[in-house]
Amino acid sequence: MNLKKYLPALVAGFSAGVLHVVPIVKSLTCCLIIPIAAFFAITLAAKSENLTGNFNIKRGALLGFLTGLFAAFFGSFFDIFVTFLTRNNDILEAINELNVMVDNFPVAQEIKNEVINLMQEVAESIREKGFSALYTISVIFNNLIVDSIFGLIGGLVGTKYYNSKNSGIKL
């Protein structure tokens, strides 16, 4: 396996992963930053190979998917690490709004109470120790799914755009 082929996905994924923890930018990570990073990975791969023709669509999809996976890995790591160091994150700031939202769900009161208690435990664990296993699992799981999907989409769209730009076709 030639690791050099996947270096562009690693570089772009790391860059997107770092942006996972930047306060204003992190809200744009899934739908904007990850697809742009996937396109960036395709551009890096094409430049490193001196490719002047079309970029393989399967390779573009794979690079996009891998960019999303790397972004999920690094983004999760940085998010959990910053939470551990600061003992603070967005959940602590929004816990009251989350409780109100859950209280308005159309489910039985016992379920609402259980969910609210679970969120309170997560918040308390983060405040006291800087770590919550449930928070860690949910961040990793969410980032792996969302980032890999948007990376794949970005890889496919980026490949199509790159190929149309190289062939002279206007989009």
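Residues numbered from 1 in each chain as written. Predicted model: local features only at pLDDT ≥ 70, side-chain atom pairs only at ≥ 80, totals over all residues. Heavy atoms only, no water.

A. Up close: the pattern of salt bridges. All told, the structure shown has three salt bridges when counted by the stated rule. Its salt-bridge partner being Arg59, residue Glu49 comes within 2.8 Å of it at the nearest N-O pair. Taken together, the residues span a long stretch of sequence, with Glu49 in the loop between α2 (29-48) and α3 (57-86) and Arg59 in helix α3 at a distance of 10 residues. Exposure remark for Glu49: the relative accessible area of 41% places this residue in the partly exposed category. Overall, the relative accessible area of 17% leaves Arg59 in the buried class. (Salt bridge = Lys/Arg side-chain N within 4 Å of Asp/Glu carboxyl O. Helix = DSSP H or I, 4+ residues; strand = E, 2+ residues; numbered from the N terminus. Buried < 20%, exposed > 50% of the residue type's maximum accessible area, 1.4 Å probe, protein only.)

B. Spotlight on the packing of aromatic side chains. The full count for this structure, using the stated rule, is eight aromatic pairs. With a centroid separation of 5.9 Å and 75° between ring planes, the pair formed by Phe14 and Phe78 is classed as edge-to-face. In this pair, Phe14 sits in helix α1 (residues 7-19) while Phe78 sits in helix α3, placing the two residues 64 residues apart along the sequence. Judged by its relative accessible area of 38%, Phe14 is partly exposed. (Phe/Tyr/Trp six-rings, centres within 6.5 Å; stacked < 30°, edge-to-face > 60°.)

C. How the structure looks around the nonpolar core. In this structure, Leu92, Ile95, Val102, Ile116, Met119, Val122, Ala123, Ile126, Tyr135 and Val139 together form the largest nonpolar core, which totals 10 residues. If you list the elements that add at least two residues to this core, you get α4 (90-103), α5 (109-129) and α6 (133-167). Per-element accounting of this core gives the leading share, five residues, to α5. For Val102, the residues in contact, after removing those within four places along its chain, are Lys112, Val115, Ile116 and Met119. By size, the runner-up hydrophobic cluster in this structure holds eight residues, among which are Ile42, Ala46, Leu66 and Tyr162. (Core = buried A, V, L, I, M, F, W, Y, C linked by side-chain atoms within 4.5 Å. Contact = heavy atoms within 4.5 Å.)

D. The side chain of Lys112, seen in detail. Position of Lys112 relative to the elements: it lies in helix α5. Those residues in contact with Lys112 that sit more than four places away from it in its chain are Val102, Asp103, Phe105 and Val107.

E. Just the packing of α3 against α6, in detail. Between α3 and α6, the shortest axis-to-axis distance is 6 Å and the interhelical angle comes to 150°. Comparing the axis directions of α3 and α6 gives the class roughly antiparallel. Our pair here, α3 against α6, has a crossing hand that is right-handed. (Axes fitted to C-alpha atoms, helices over the stretch in contact; angles between N-to-C directions. Parallel < 35°, antiparallel > 145°, perpendicular 65-115°, else oblique. Left-handed = near helix turned anticlockwise from the far one by under 90°.)

Treat this as a map of the structure, not an account of what it does.
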